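Here is what each chain is made of, one letter per residue.
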Amino acid sequence: MSNAPSNPAPTPTPAPGDFIREIVAQDNTDGKYAGRVITRFPPEPNGYLHIGHAKSICLNFGLALENNGRCHLRFDDTNPAKEDQEYVDSIMADVRWLGFNWGKHLYYASDYFQQLYDWAVLLTKSGLAYVCDLSADQISRMRGSLTQPGAPSPYRDRPVDENLDLLNRMRNGEFSDGSRTLRAKIDMASPNLNLRDPVMYRIAHAEHHRTGSKWCIYPMYDWAHGQSDWIEGVTHSICTLEFENHRPLYNWFIDNIAKLGGAPQNIPYQPNQTEFARLNLTYTVLSKRKLLELVKGGHVSGWDDPRMPTLSGFRRRGYTPESIGHFARSVGVTKFDSVIDISRLENALRDDLNKRAPRRMGVLNPLKLVIDNYPDGQSEDLDAVNNPEDPSAGTRKIPFSKVLYIEQDDFREVPPPKYHRLTPGQEVRLRYAFFVRCTSVSKDENGVITEVHCTYDPATRGGDSPDGRKVKGTIHWVSADHAAEAEVRLYDHLFKQEDPNDVPDGQSYLTNLNPNSLVVISNAKLEPSLKEAANGERYQFERHGYFCVDMRDSKPGKPIFNRTVSLKDTWSKLEKKK
RNA sequence: UGGGGAUUGGUGUAACGGUAGCACAGCAGUCUCUGAAUCUGCUUGUCUAGGUUCGAAUCCUAGAUCCCCAGCCA
């Protein structure tokens, strides 16, 4: 059985029953959509997916799975200036990695450009839209404020024929970028600013990643989104809180198109939007703008840097898709703008990896341990359990010899209270090997310990004493002659502040970057078998944490290990308290 | 300030007029050939003030606080 990255079959959860699932269940019993449940995940391809998207993906695909419906993957690609095929590809890979399948239901808002245009003509013909010659700046100034109503554009009452002509010429490329817009004629005094004659089309002579140069006017998101759902027959259009204010606009567009007889054929209902709170995590930024800034500014090595909260970052870090899915479902769905403790995510991961990750021994900060009464040049193989949580994982052999490496932290010349590890005169167990007792230490001219000497008890072979003698501590080790040397990358939170955006006035969240978020250990000593570890494989290094073979920088026979997450460490907590 | 949302322990989340429960974190134990995992116990909460009711986290009234909206971004 491989522990490499896998594509899990998502199991429909036993209906946790959040408020959205309640709405869907109610609609089903009411027969509102004749039992149909059609959702969609609608990313803009302008960045990589992050853990917040996972929440939305699990919600939308989960709802479809639980209700025998379907979930569409639709790219809302209405702004060619920011979008790119690279993002389309990564988004599809990430959704698949999470274990979801959109089947044949892959769509693009750009597929609907013609339909959207036809509808714009329809609204214009009936006087519900007009071409406005105001500049962006003028429109902004005339929009009014939160408390002041806006002023009507001088072009608001342009004759229909003129509007139609101008719209046509906009489309034909006769005007320069930004010189004109098509606007909906709604209400410049509306307390909802989204209804103050919103822009439907802007002119942009830009190359679109799918439509090329076919169009030089592009629909605004607000003009495209609701109708895209409608065209696809989406029943439950689920989005985040900030779009709550836009819902009346989506409904205005759809209602008016329907009134004018423009409803899509075979769709006897309209999509209904429900909003929920987006995910926030401690020690993490999840704004696309900021993630892009981290990448472009070189603060991380790329979108898939293992410290990034992107799905590709988590994947490379060693997270399992199951743990992310489980986490995403466990945080619940509400309208409360909450912040989830990152330890919840890490806990979901440990939970999963504890059950499936094979155990290995690895020494990160080596200290030589010499067993004085062990024969020179001799070695022997000892049996070690691969995974105590999973008997079917079997056992393996580990070579033992006179000179070993142990962890520097596992020896103290003067032990603090409650220290259970190696210390002069004390006996500990070398895991799966022998009891050893420390007899002396060697130091260099600076007083730094270079070697620890001990004697072993041959009768304790395997790790148990026939006389029933107990030891307080068990430490891990690697045979010096047999050790595989490897680079190990220790990752910590990217930000040192729980809320990275909590900064003194005028300062950037970047000042909260954690300078120790990556610590590279270049000469870790690992169990020999690890030398052949394959890309993406995950292990528990006993007493350290979970590690995976980096899929980007590892070379065959020369793996690099990423620490995915450390094991809980009550000893270091105890020690820090002192 | 106009509009739209929201408010239950430290952090999240459930309870839909009838015992405030669960998870994570924290604390104290248990167990252990991983100071991990396991197992046990504990601490901590209904934003405020009134009202309705036998009974209110839940209904009503008033207030407080927080989030979102003034892109030709999504």
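Data block above holds the structure.
The structure presented is a predicted model; accordingly, all values stated were derived computationally and were not measured. (Residues numbered from 1 in each chain as written. Chains lettered and ligands numbered in written order. Predicted model: local features only at pLDDT ≥ 70, side-chain atom pairs only at ≥ 80, totals over all residues. Heavy atoms only, no water.)

1. Examining the packing of helix H4 (residues 113-125) against helix H8 (residues 247-259)
At a minimum axis separation of 10 Å, H4 and H8 run at an interaxial angle of 75 degrees. By the criterion of interaxial angle, the relationship of H4 to H8 is roughly perpendicular. Here Trp-119, Leu-122 and Leu-123 of H4 lie close against H8, whose contacting residues are Trp-252, Phe-253, Asn-256 and Ile-257. For the contact of H4 with H8, the class distribution of residues is six nonpolar, one polar and no charged. (Axes fitted to C-alpha atoms, helices over the stretch in contact; angles between N-to-C directions. Helix = DSSP H or I, 4+ residues; strand = E, 2+ residues; numbered from the N terminus. Parallel < 35°, antiparallel > 145°, perpendicular 65-115°, else oblique. Contact = heavy atoms within 4.5 Å. Nonpolar A, V, L, I, M, F, W, Y, C, P; charged D, E, K, R; others polar.)

2. Observations regarding the protein's contact with RNA strand B
Neighbouring RNA strand B are 65 residues; Glu-22, Arg-359, Arg-421, Arg-429 and Gly-462 lie closest to it. Between a phosphate oxygen of RNA strand B and a main-chain N or O atom of Tyr-221, the distance comes to 3.0 Å. One of the side-chain nitrogen or oxygen atoms of Thr-570 is found 3.1 Å away from a phosphate oxygen of RNA strand B. For the surface near RNA strand B, the elements supplying multiple residues, two or more each, are helix H5 (136-142), strand S6 (199-203), helix H12 (342-356) and helix H13 (570-577). A breakdown of the residues in the surface near RNA strand B according to their chemical character gives 19 nonpolar, 21 polar and 25 charged. (Near = heavy atom within 4 Å. Polar contact = N/O pair within 3.5 Å; in protein donor to acceptor, adjacent residues only side chain to side chain.)

3. Side note on empty space enclosed by the protein
All chains considered together, the criterion is met by three cavities of 30 Å³ or more. Its volume calculated, the largest cavity comes out at about 200 Å³. Together, 20 residues line the largest cavity, and Thr-284, Arg-307, Phe-314, Arg-317 and Ile-342 are the ones closest to its centre. No other element matches the three residues that H12 contributes to the lining of the largest cavity. Counting the residues that make up the lining of the largest cavity, at least three belong to each of domain 1 (1-104 + 277-354) and domain 2 (359-577). For the second largest cavity, the calculated volume is near 70 Å³. Taken together, Gly-226, Asp-229, Ser-237, Arg-247, Tyr-250, Asn-251, Ile-254, Pro-271, Asn-272 and Gln-273 make up the full set of residues lining the second largest cavity. Secondary-structure elements contributing two or more residues to the lining of the second largest cavity are helix H7 (221-232), H8 and strand S9 (272-276). Each residue belonging to the lining of the second largest cavity can be placed in one class, and the counts come to three nonpolar, five polar and two charged. (1 Å grid on protein atoms, 1.4 Å probe; cavity = no way out; pocket = protein on both sides within 12 Å on 5 of 7 lines; lining within 4 Å. Points joined across faces, edges and corners; volume = space filled by probe spheres on them. Domains from an automatic or database assignment.)

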